[in-house]
Amino acid sequence: MTAEANITTFYKLENGYTITRLDVRECNLIFRDKNHDIVAILNGCRGYITYINPYKGRSLNKQEKELLHRFIRSSSFRINNEVADFLDLSVIRYDDGQEEYISEKELKHKLSDRFSCYSLYVGKLRMHTLKISDYSQSGAFNISNAKIKKLIIGKHCDLSIDLRDNKHIEAVRIGENFNGGLNLSRSTIESVVIADNCRCDLTITENTHCFNLIVADIYSGNLNLRDCCFHNVKIGYYCYANITMAQNWGRRDIIIGDSFRGSLALDDVNVYSLKLGRDCKGKININGQVFERSGGGIYIDDDFAGTLDLQNTAGVERIEVGSHAQGRFNLLGNSGIKFAIFDKYFNGYADFSDSTVEYVRADYGSSGNFILNKCDKLILLELPLYKNSNIITEKKPIEVTSDSRSLYYRFLPHYLPSAYFSLFYHKIWHNLRGLFL
């Protein structure tokens, strides 16, 4: 390529193509073919090309795009993401401010090894599976335009990945010790799996497909699911993430593993059930309508020491809590709750005031606090025979009975359906039901 400066700046490219710029219109570069016909007008000022306008709707072929690519490189022009899209290029930006514009073939070669840059913008990339090597780093990794089905991220990567509006992606696999972010909003994702010890800010909103989300142990970050459908959400041991789910619908359960230390906020999330593992010390706040089918419930394993707030919830009919629980349960004004079961050694605080609860049960050794003011539908309160619990209610029972293990406070002369009880407790209830008919 050569250049001559006179009235016109003239660049001679390969195969008879040229680029000229009139001094009187210094921001316009005119791209011509070997017949001197105008191919496109390039908007370029002060070393930047910001727009390429094909002349009279003409489409640039692959050769013409490659010629412009080489011209941009050799002339040290800079381009924006829109120009990169037009020329099927990707843009690599480095920490020192330098930029590199590469073809699809060059990009595949770079991604085959450890990759490090300030940011990457992908203009064109076609492959079934994109694998990002271990220890890769990028502050902003935009692959929304990539035509890929599966993304595999290696171990120990530090990346912020943008896959918004990608209509090809189906699966993402993130390796151990990942640090960064992943945005899959308005994509076609069907499966996300995150390995152990990852700190990942994950956002999935307004998706067109239902997906599975599986997160392994020791997960932290911010998880935001909104206005989308999922088959299953399962998070492993010792999660201390902030999880927000709103206007979602699920086809199975939400499962949170043992030793949950984060926060979980559900707002109008329709699922079958919520299951929390042992030793939960997190904060769970549920609002709006939850659970897809009647009888949906919350199941909490042993040693719960967190907070469960269902004050503004409808649709939660049952709560079952494991042994040695000492957390706080706020169901003040809840309009959906039917019954709550607390296993042995409950020592927490449960407020059912002004709710629709019908049956509350605490097992052996329980000494917690139960607030049952204005519970007009309360039929039965079952407590250990040697009662150590603190009960606050303005109602007086119409009958008190006992057996070898429990005291039964009956407040209304109604029969409790057997569906209220788990299989274990149903056997006991079947033997005692005659006391309350």
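Now for a description of the structure that goes with this document. Note that residues are indexed from 1 along each chain, following the sequence as it is written. Local features in this predicted model are restricted to residues whose pLDDT is 70 or higher, and side-chain atom pairs enter the listing and the counts only when it is 80 or higher, whereas totals over whole chains, interfaces and linings include all residues. To get the side-chain values, all heavy atoms of the structure are used, and hydrogens and water are removed first.

**Some details on the pattern of salt bridges**
The rule for a salt bridge is simple: a side-chain nitrogen of Lys or Arg has to be within 4 Å of a carboxyl oxygen of Asp or Glu. For the coordinates displayed, the defined rule picks out 26 salt bridges. The closest approach of N and O atoms between Asp279 and Arg261, which form a salt bridge, is 2.8 Å. Within this pair, whereas Asp279 is found in the loop between β25 (273–276) and β26 (283–289), its partner Arg261 is found in the loop between β23 (254–256) and β24 (263–270), the two being separated by 18 residues in sequence. The class for Asp279 is partly exposed, based on a relative accessible area of 23%. Its relative accessible area of 27% is what places Arg261 among the partly exposed residues. A salt bridge links Asp363 to Arg361; the shortest N-O distance between them is 3.5 Å. This pair shows no difference in class: Asp363 is buried, exactly as Arg361 is. Put simply, DSSP H or I for four residues or longer makes a helix, DSSP E for two residues or longer makes a strand, and each gets a number counted from the N terminus. Burial status follows relative accessibility: with a 1.4 Å probe on protein chains alone, a residue under 20% of its type maximum counts as buried, one over 50% as exposed, and anything between as partly exposed.

**Quick look at the side chain of Glu104**
Mapping Glu104 onto the fold places it in helix α3 (residues 104–111). Polar contact criterion, stated in full: a pair of N or O atoms within 3.5 Å, where within protein one must be able to donate a hydrogen and the other to accept it, and residues adjacent in sequence count only if both atoms are side-chain atoms. A polar side-chain atom of Glu104 sits 2.8 Å from a polar atom in the side chain of Arg126. Note on contacts: a residue pair qualifies if any of its non-hydrogen atoms lie within 4.5 Å across the two residues. Here Glu104 is in contact with Asp88, Lys124, Leu125 and Arg126, once residues within four sequence places are set aside.

**Things to note about the state of the cysteines**
When two cysteine sulfur atoms are found within 2.5 Å, that pair is recorded as a disulfide. Taken as a whole, this structure holds one disulfide when the rule is applied. Cys210 shares a disulfide with Cys229; S-S distance 1.8 Å. Taking the sign of the S-S torsion, 90° for the link of Cys210 and Cys229, the bridge is right-handed. Taken together, the residues span a long stretch of sequence, with Cys210 in the loop between β18 (199–205) and β19 (211–215) and Cys229 in strand β21 (residues 229–235) at a distance of 19 residues. In this structure Cys228 is not part of a disulfide, and its nearest cysteine sulfur, from Cys229, lies 7.8 Å away.

**Concerning the pairing of strand β38 (residues 406–410)**
In terms of residue burial, β38 counts as a mostly covered element, since five of its five residues are buried. Of the two faces of β38, the one lined by Ser406, Tyr408 and Arg410 and the one lined by Leu407 and Tyr409 are each fully buried. DSSP bridges decide pairing: two strands pair if at least two such bridges lie between them. Pairing of strand β35 (residues 380–384) with β38, which is carried by five bridges, proceeds in the antiparallel orientation. In the sheet register, Pro384 faces β38, and the bridge partner there is Ser406. When strand β37 (residues 399–402) meets β38, the two strands line up antiparallel, connected through four bridges. Within the sheet, the bridge partner assigned to Glu399 lies in β38 and is Arg410. What sits between β37 and β38 in their antiparallel hairpin is a turn of three residues.

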